[in-house]
Every structure is written in C-alpha cells, then in structure tokens.
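# Residue-level structure breakdown
Spelled out, the chains give:
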Amino acid sequence: MTGAPRPGSIRVAVPDDSLFGPENLPYGIFAPPGGEFRVGTRLGDTVLDLSALFEDPVFARADLNAFLAAGASRWREVRDHLRALAETAIPADALFPLSTVRMKLPVRIGDYVDFYASIDHATNLGRLFRPDSEPLLPNWRHLPVGYHGRAGTVVVSGTPVIRPQGQRRTDSGTPDFGPSRRLDIEAELGFVVGTGSVLGVPVTVDEFTEHVFGVGLVNDWSARDIQAWEYQPLGPFLGKSFTTSLSAWITPLDALANARVPLPTQTPEPLPYLRGGDDHGLDIDLTVRWNDEVVAHPPYARMYWSPAQMLAHLTANGASVRPGDLYASGTISGPAADQRGSFIELSWGGTKPVTVGREVRTFLADGDRVTITATAPGTAGRPIGLGEVSGLILPAR
C-alpha cells in the first residue's frame, strides 16, 4: 500500500488530550505551501499527505469522491494502515503543520438534502409559529421531514457569508426587497455519502454503514424573514440556499464506533422501511460560539430520527445517491434553553434578546462570527473532535 521507506521518518507527537489522535484521523483536502490540493488526514496539529503515503492516484485528487466510491472495505483498509503509521514513524516529506496549509471543500457535492430530525427543534418552532395549535404537524412522527437544498452554495468552513437579500413581509402585509434582518444559524451534523446506490433501488436502514462514509459539522445559515414570507406552500428556498457551511474535515464513521447510542422511543412505531436491526443515534455534543462567546450546547444524542432512517427515507421512492452527496440532520436542539441550535430559538423569535459580549442581540449582525465545534466518545477511552465549522458575516452586496 505504500512506497519504499524514505529516510528522515519521524513519529508525530500528539498530546494525550488532543481531540485528533490516532483513533480519529479525519479526511480533508489540503494544499501545502506552494503546492496543489490533495487528500490528507489530520493527526494532532499535523496533516499527513496521503498522496505521498499511498501508491493510489485517488489521493492526488482535489476531492474525496474517488476514494469514497472505492467502498467500505477500502476505507477500512486505508484507515487501519494510517492508524498503524500514526503509532510508528512517518516520512517527514509527507507531514505538514496544520497552520501552514490551505483547505478546500472536501467533497464534490452532487446533491444536498436537509432534514428536520430534532423533536426539540421542531417543537420549539411549532410553538413559535403556531402557538394555538399542536407544535408538531401530523406527519412529523411518521417520517423524517426534509427538503432538497442547493449543492452549489455549500462552502468550506472559513468562507465568509454574505448577508442575503430577498423579499420580506412588511407590517402592512406587502413585501419589500432588501437585506435579511433576521439572519440566523442552524447547528447541524452532515453525512457524506460514500458508495452510491442504484436508481430505483432504496437503501435500507441496515445498509447505512455500507453507503455513508463519515460526518462533518454543518451550519445551514438561514434568513428567517425571507423564509417566513416565501416558504408556504413549497417550503424553504432563497432563505436557505445562499450559503451552507461544511467542515473541512470529514470524520469516518469507524471513528464514532463508541459514540453509538440507542434512539429515543419513537411513537408511533415507524413503518417497516424505517426500521432496522442495527439502527442507532450518535452521542455527539456540539458547542456554538457567537463572537467567541459560548451560547449553546446542542446534544445530537436527542435527535428523534436516526442518520440511517434519513437515508432510507431519502431513497425510499427509488431516488439514488452518489459518492460525495451530502445530507444534514437539520437543527440540533435539546429541551433546555442553552441547548438550542438556532438563534430564533435562543432568542425565542426575537422576544428574548441574548447578551453577546456587552451587546444585546437577537439575530446576526454584520461582522459577527459563529463557530461550531463538537466532541464525541472515541475508541481509545478519550473524546475525539469533529472539525469545526465557522463563518464571518459580511454586508449584503
């Protein structure tokens, strides 16, 4: 799997408390100083150049798609070899300090689907928007609600977010056009498809790990005023499609083996196509920072619909998936006020302002930065980290 040993091999020093030890090894696309983009993995604060470590042209590409298409057995073979290398010596010319490299979007995304899988988030929004009705709509407990997003505006973490413009309803009930005044975040977990499926053939719940390669943090930026005016009857459109941020690092599912947890009780029992023998949730804790101040800790373990159920529903009608496709969980929220993964919930529709630094806020202002991080139980008895997703708000153009 590797070329001939080269002189100057060294062992990468990784502190015991690092969230990116040998049990993690997320994948990304990086460029060293003066070099071209290629596939790398992160070990501590060092990037390992896989194009220099493996005699495989898929690692010299500027996206992960060809590696994803190789399938689960190849993913595990490469991961096992990288873990062994991480415990020994690695050629020095395959190592780059993380602080010196450039990162880009790790996958070429053909399709993007956003779900609405948190019962706490859906309940909160139902209470905000329909205070005199049941918070959950009749279909919510029967299927993972979702919509197709815009794959072309998914960007890598660190890309600035330009404030969107669109139609907004005025106090008179008629619309005007201008920059969003209620710009928001949605703290989510994204799932990157590895092996594709055949058009017309659904993917079952128990086939999840053979089709999904790994996970990355997602911020699905949302313009709530634009969304509120446009979304009936066809759902999200311009209020969502302007920018979605994805982490530069994709954590493989195998790194999350110890993060598996039982799903919450699902009532009523889902239809047979949404049931499987190995279905599970994930114990992943997110942290949301607004201008460097921690404002929320959304818990992914409380999500009502599992990643496998989302994929099964996405393909239930015969729709196919391809390597690099992305689907996201929807906003992750918990029952407590400090577990809400969107600012519309955190400020309760703008009626309960949040103090950020010394300023009182409800929604995002130009110049604000939001950074989402996450940890999960690792396979070595210590936590691992997911690559952060961050974005700075710039004025509308």
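We now turn to the structure provided with this report. Bear in mind the structure is a predicted one, so any value in this text is a computation, not a measurement.

This part is about the overall build of the chain. For the chain, the count of helices and strands is nine helices and 28 strands. Relative to the compact-globule value of 21 Å for 397 residues, the chain shows a C-alpha radius of gyration of 21 Å, a close match. Counting only C-alpha atoms, the chain reaches 75 × 50 × 35 Å along its principal axes. For the chain, with 397 residues in total, the buried portion stands at 53%. A sequence separation of at least 24 residues applies to 74% of the contacts in the chain between residues at least 6 apart. By element, 53% of the accessible surface of the chain is carried by carbon and sulfur atoms, the whole surface being about 16800 Å². The positive charge centre, built from 35 side chains, and the negative charge centre, built from 44, are 4 Å apart in the chain.

So, about the pattern of salt bridges. Taken as a whole and assessed by the stated rule, the structure comprises 23 salt bridges. Taking the shortest distance from any N to any O, the salt bridge between aspartate 45 and arginine 42 comes out at 3.3 Å. We note a salt bridge from aspartate 220 to lysine 240, for which the minimum N-O separation is 3.9 Å. Taken together, the residues span a long stretch of sequence, with aspartate 220 in the loop between β16 (212-219) and β17 (222-223) and lysine 240 in helix α7 (residues 238-241) at a distance of 20 residues. For aspartate 220, a relative accessible area of 0% gives the class buried. Among the ionic contacts, a cluster of salt bridges with common partners joins Asp184, Glu186, Asp220, Arg224 and Lys240.

A word on unusual backbone geometry. A negative phi holds for most residues other than glycine; trans holds for most peptide bonds. Cis geometry marks the peptide bond from glutamine 232 to proline 233; its omega dihedral reads 10 degrees. Note on placement: proline 233 falls in the loop between α6 (224-230) and α7. Across the junction of threonine 267 and proline 268, the peptide omega takes the value 0 degrees, indicating a cis bond. Tracing the chain through its elements places proline 268 in the loop between β20 (260-261) and β21 (281-282).

Turning our eyes to something else, we now look at the sheet that holds strand β3 (residues 38-43). An order of β6-β4-β3-β2-β7 is seen for the five strands of this open sheet, with the pairing classed as antiparallel. The open sheet has two free edges, formed respectively by β6 (95-97) and β7 (102-104), since each of these has just one partner strand. Geometrically, the sheet is characterised by an average inter-axis angle of 45 degrees between neighbouring strands, direction not taken into account. As paired strands, strand β2 (residues 27-31) and β7 are joined by three bridges and run antiparallel to one another. In the sheet register, alanine 31 faces β7, and the bridge partner there is arginine 102.

Here the focus is the nonpolar core. A general tendency of soluble globular proteins is for nonpolar side chains to be buried together. Within the largest apolar cluster, 61 residues are counted, with the highest numbers of intra-cluster contacts made by Leu189, Tyr300 and Tyr327. The leading source of residues in this core is helix α8 (residues 307-314), at five residues. With sequence-adjacent residues up to four places away left out, tyrosine 300 is seen in contact with Leu189, Phe191, Leu282, Ile284, Leu286, Pro307, Met310, Ser329 and Ile332. Counting 44 residues, the second largest nonpolar core, distinct from the first, contains Val47, Leu53, Val154 and Ala248.

With respect to the element layout, serine 157 can be found in the loop between β10 (154-156) and β11 (161-162). In terms of polar contacts, serine 157 uses its side chain to reach the backbone carbonyl oxygen of glutamate 388, at 3.4 Å. Here serine 390 takes part through its backbone nitrogen, which lies 2.9 Å from a polar atom of the side chain of serine 157. Look past the residues within four positions of serine 157 in its chain and what remains in contact with it is Leu246, Ser247, Ala248, Glu388, Val389 and Ser390.

Within the secondary structure layout, glutamate 186 lies in the loop between β14 (183-184) and β15 (187-193). In this view, glutamate 186 contacts Asp114, His121, Val218, Asn219, Asp220, Ser222, Arg224, Lys240, Thr331 and Gly341; residues no more than four positions away in its chain are not counted.

Strand order in the open sheet formed by five strands is β11-β28-β27-β22-β23, and the pairing between neighbours is mixed. The open sheet terminates on both sides in strands that have one partner only, identified here as β11 and β23 (293-296). When strand β27 (residues 369-377) meets strand β28 (residues 383-394), the two strands line up antiparallel, connected through eight bridges. Looking across to β28, one finds that alanine 374 is bridged to leucine 386.

For helix α4 (residues 119-129), the buried fraction is high: eight of the eleven residues fall into the buried class. Among the residues of α4, Ile119, Asp120, His121, Ala122, Thr123, Asn124, Leu125 and Gly126 are the ones counted as buried. Contacts made by the buried residues of α4 are with α9 (343-346). You can read the cap of α4 off the contacts: a side-chain oxygen lies 3.4 Å from the backbone nitrogen of aspartate 120, and it is on serine 118.

Before going further, it helps to examine the packing of aromatic side chains. All told, the structure shown has 14 aromatic pairs when counted by the stated rule. Ring geometry for phenylalanine 59 versus phenylalanine 67: centroids 5.2 Å apart, planes at 55 degrees, classification tilted. For the pair phenylalanine 59 and phenylalanine 67, a shared accessibility class is recorded, and that class is buried. Consider the rings of phenylalanine 191 and tyrosine 300, whose centres lie 6.4 Å apart with planes at 55 degrees: the pair is tilted. Taken together, the residues span a long stretch of sequence, with phenylalanine 191 in strand β15 and tyrosine 300 in the loop between β23 and α8 at a distance of 109 residues. One aromatic cluster is present, built from ring pairs that chain together Tyr27, Phe54, Phe59, Phe67, Trp75 and Phe213. Here the guanidinium or amino end of arginine 42 rests over the ring plane of phenylalanine 20, the centre of that ring lying 3.7 Å away.

So, how was this worked out
- Residues numbered from 1 in each chain as written.
- Predicted model: local features only at pLDDT ≥ 70, side-chain atom pairs only at ≥ 80, totals over all residues.
- Heavy atoms only, no water.
- Helix = DSSP H or I, 4+ residues; strand = E, 2+ residues; numbered from the N terminus.
- Rg over C-alpha atoms; globule rule 2.2 N^0.38 Å.
- Buried < 20%, exposed > 50% of the residue type's maximum accessible area, 1.4 Å probe, protein only.
- Contact = heavy atoms within 4.5 Å.
- Areas by Shrake-Rupley, 256 points an atom, 1.4 Å probe, with all protein chains shown as cover.
- Lys, Arg positive; Asp, Glu negative; His and termini not counted.
- Charge placed at Lys NZ, Arg CZ, Asp CG, Glu CD.
- Salt bridge = Lys/Arg side-chain N within 4 Å of Asp/Glu carboxyl O.
- Pairing = 2+ DSSP bridges.
- Axes fitted to C-alpha atoms, helices over the stretch in contact; angles between N-to-C directions.
- Core = buried A, V, L, I, M, F, W, Y, C linked by side-chain atoms within 4.5 Å.
- Polar contact = N/O pair within 3.5 Å; in protein donor to acceptor, adjacent residues only side chain to side chain.
- Phe/Tyr/Trp six-rings, centres within 6.5 Å; stacked < 30°, edge-to-face > 60°.
- Lys NZ or Arg CZ within 6 Å of the ring centre and 35° of its normal.

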